[in-house]
Amino acid sequence: MKRIRNMNKTPYILTIIFAIKMGVYYSLIKVNKLEIVLITLSILMWMVLFRCFSKSGQKKNKIIFMLLYVSFSILMFSDVMYFNYYNDTVSIKQFMQITAVLAVPKSFIATLIPAGFILFLDIPVVYYYFKKEVKKDKCKGVIRNTYILIGCFSVLFTIIISNPFKSVGLEIVRKNEFFMNHINDLYDSITTYNYDSEIEVEEIINIIEEDTDIIKEIRYNGIAKGKNLIVIQLEAFQNFVINKEYNNQEITPNINNLIKNDSIYFDRYFFNVGKGNTSDAEFTSLNSIYPVLDGECYRLYGQNVFKGLPWLLKEEGYSTFAVHGYKKDFWNRADAYPNQGFDMFYAMEELEQDEIIGMGISDKSVYKQLIPILDDVDEPFFAFVISLTSHHPFVLDEQYKTIELLEEDKETKFGNYLETIRYADEAVGQLISDLIENDLYDDTIIALYGDHHGLNYAMQDSNLQIDEFIGRDYDFDEMFRIPLVIHIPGSDITETISTTGGQIDFFPTIANLMGMEIKHPYIMGQDLVNARDGFVAFTSYLGEGSFVFNDIFFEVSREGIFEGSRAWKVATNTEVDYNMYYDEYEKAILRKDISREILRNDIIRDFHE
Ligand code: GP9
Ligand code: MN
């Protein structure tokens, strides 16, 4: 009995605390393989840290340990929040994006999950036991053991991170174990920083050429040649609201109307943004290059030279400008736009701030202010308009709500979403009327597309309501699907194209309709009017290697490896054998690698006279 009383219980109590902490962490980041191994490794790691700092008996170590413990707990909390939104843990490469998160505090608060706060509850208890251990001050003799422990762990880390045997188990540990994952990320960031080109320029061109489908008969080439172009990128606009009735009301009557006359509607169109969300939707649509995982392209590659849609139109004699009702520096737009080929940028600072909704100037106000700008610029023009009012968390004052919600959808994210989408649609309707009234309509083609999802499948906060609304299980294929409508007044073309494609295809599709030749080979997408097979690789919200290929949607495994992936038929929830799509999985990775090389090496610069 006495022996039990005298026994040092600290390690046992701490083991239990660390086990609970890590169990909560791994369940919140939805790890579903080797949990026991991961928890054991993490406990050992915490114990090593605890031992290193407590047994040397120095007071200052108490502060260092607690600082480390609190910092790691914050990192775990951040992982949980980030995973909830992005389906991935935090990377040091995205550190610069903290300003983007702070700019939308309401949006950030709406994504918080209360369970994440459990990760802080143990801090006072750990502090208590740490103080107790330091007081014992039995340092001598223990230090040598500690060094041995550190040595063993360094070897273990090296083996797991380098994974010389390409073992699936080690890969799972490397990607998911808290310490390994973040050390691996740190290592990755450093090696990326000291990076050497991996693919030669000739090889990139060969890969693109080999993969380009030669189409004999080119439809609709140049049907919109010389016309003005207005592109409206619609915030958080998903496809499932199009041509649909909710509670006996059309959600998007104006866009539905547009689709019915003189329009090509692409109903299998997917977003493929990276970590720069809205800005990457712009970037990839304008340039037909995949965004990267490391951060937003406008910041990382803002100073590169491009030759995308604005440049091409500029060279054809167009006035090119962008319009957006938020701060001009956000997403580094003000710096990046001149290199994208925009002559002017009318941001919040330049526009009349007469009606603010949510983050910035309301869509209706921005579109109203667009008319005198269009009247003023030399024709032909290219106006690139980025909407905002339907931004997460979809808050709208009563006076702007025009859709009658069912009782059960009131004050829910799904209900709020429908209300802001209806508002965004009304704003489009108002713009079309104003264009007609100001004689700007007949000579202008109007392209509209969503920038990314509004309702995140992984967050599961609206899934049941969407299931009921669409009549099947909501899944990533529906979350990634956005509408693309290209309205060409007077064309007599009214067509729905169901070839699979996405923002990556926007530039070549518009270039074909406007009869323009793209003057460099670095195009990752294709003209969707004439394409036969469709392919889009994804960057954010799904792991690298995920893609959509014709009617197959492929989600790479939680560990980012081919084994254990999932494939199903778009819009049906019918599972198919993922093993059939290894070539496409490799293609998705290769397409992304090539895009990264093009950006890192600023290759398109060579195509500027
Ligand atoms: C901000 C707006 C929103 O300017 O484009 O960006 P998001 O948060 O959707 O990426
Ligand atoms: Mn957006």
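As the structure is a prediction and not an experimental result, all values here were calculated from the model. (Residues numbered from 1 in each chain as written. Chains lettered and ligands numbered in written order. Predicted model: local features only at pLDDT ≥ 70, side-chain atom pairs only at ≥ 80, totals over all residues. Heavy atoms only, no water.)

## Topic: the site of ligand 1
- Taken together, the neighbourhood of ligand 1 is formed by Glu-235, Asn-277, Thr-278, His-324, Tyr-326, Phe-330, Trp-331, Arg-333, Met-359, Leu-388, His-391 and His-452.
- Residue His-452 places a side-chain N or O atom 3.2 Å away from an oxygen atom belonging to ligand 1.
- When isolated, ligand 1 has an accessible area of 310 Å², and the protein chains bury 95% of it.
- When the residues that make up the shell around ligand 1 are grouped by side-chain class, the tally is five nonpolar, five polar and two charged. (Near = heavy atom within 4 Å. Polar contact = N/O pair within 3.5 Å; in protein donor to acceptor, adjacent residues only side chain to side chain. Areas by Shrake-Rupley, 256 points an atom, 1.4 Å probe, with all protein chains shown as cover. Nonpolar A, V, L, I, M, F, W, Y, C, P; charged D, E, K, R; others polar.)

## Thoughts on the packing of helix H17 (residues 363-376) against helix H18 (residues 413-437)
- Where H17 contacts H18, the axes come no closer than 9 Å and their chain directions differ by 20 degrees. When the axes of H17 and H18 are compared, the pair comes out roughly parallel. Note on packing geometry: the crossing formed by H17 with H18 is right-handed. Counting all contacts with H17, which are made through Asp-363, Lys-364, Tyr-367, Lys-368, Leu-370, Ile-371 and Leu-374, the residues of H18 involved are Tyr-423, Ala-424, Glu-426, Ala-427, Val-428, Gln-430, Leu-431, Asp-434 and Leu-435.
- Tallied by class, the residues present in the contact of H17 with H18 amount to 10 nonpolar, one polar and five charged. (Axes fitted to C-alpha atoms, helices over the stretch in contact; angles between N-to-C directions. Helix = DSSP H or I, 4+ residues; strand = E, 2+ residues; numbered from the N terminus. Parallel < 35°, antiparallel > 145°, perpendicular 65-115°, else oblique. Left-handed = near helix turned anticlockwise from the far one by under 90°. Contact = heavy atoms within 4.5 Å.)

## Some remarks on the side chain of Lys-413
- Positionally, Lys-413 belongs in helix H18.
- Within the structure, Lys-413 has its side chain in polar contact with the side chain of Asp-461 (distance 2.7 Å).
- Setting aside residues no more than four positions away along its own chain, Lys-413 makes contact with His-392, Phe-394, Leu-455, Met-459, Asp-461 and Ser-462.

## Notes on the environment of Asn-243
- Relative to the elements of secondary structure, Asn-243 occurs in the loop between strand S1 (228-234) and strand S2 (245-246).
- Under the relative-accessibility criterion, Asn-243 is labelled partly exposed at 45%.
- Expressed as a C-alpha distance, the spacing of Asn-243 and Asp-397, which sit 154 residues apart in the sequence, is 25 Å.
- Excluding residues within four positions of it along the chain, Asn-243 makes contact with Thr-252, Asn-256, Ile-259 and Tyr-265. (Buried < 20%, exposed > 50% of the residue type's maximum accessible area, 1.4 Å probe, protein only.)

## Looking at the domain arrangement of the protein chain
- Entries for the protein chain in the domain assignment read domain 1 (2-191) and domain 2 (226-524).
- Distance between the C-alpha centres of domain 1 and domain 2: 42 Å.
- Each partner contributes residues to the interface: domain 1 has 19 residues there, and domain 2 has 20 residues.
- Of the roughly 1,700 Å² buried between domain 1 and domain 2 on both sides combined, carbon and sulfur atoms contribute 53%.
- Broken down residue by residue, the surface that domain 1 buries against domain 2 is led by Tyr-85, Tyr-86 and Gln-97, which jointly contribute 29%.
- Applying the counting rule to domain 1 against domain 2 returns zero salt bridges. (Domains from an automatic or database assignment. Buried area = accessible area lost by both parts, 1.4 Å probe. Salt bridge = Lys/Arg side-chain N within 4 Å of Asp/Glu carboxyl O.)

## Focus on the sheet that holds strand S15 (residues 547-549)
- Taking strand neighbours across the sheet as the criterion, the five strands line up as S14-S15-S16-S17-S18 in an open arrangement whose pairing is antiparallel. Only two strands of the sheet have a single partner each, and these edge strands are strand S14 (535-537) and strand S18 (574-576). Sheet twist, expressed as the average angle between the axes of neighbouring strands with direction ignored, equals 25 degrees.
- Bridging between strand S16 (residues 552-555) and strand S17 (residues 566-569) involves four bridges; their strand directions are antiparallel. (Pairing = 2+ DSSP bridges.)

## A few points about the pattern of salt bridges
- Evaluated as defined, the whole model comprises 28 salt bridges.
- Of the charged contacts, one joins Lys-519 and Glu-315 as a salt bridge, the two residues approaching to 3.3 Å between their closest N and O atoms. Here Glu-315 lies in helix H15 (residues 309-315) and Lys-519 lies in the loop between helix H21 (506-513) and S14, a separation of 204 residues in the sequence.
- Glu-315 sits in the partly exposed class, given a relative accessible area of 35%.
- Salt-bridge contacts for Arg-566 lead to Glu-575; the nearest nitrogen and oxygen are separated by 3.7 Å.
- We classify Arg-566 as partly exposed; its relative accessible area is 22%.
- Through salt bridges with shared partners, a single ionic network connects Asp-475, Glu-555, Arg-566 and Glu-575.

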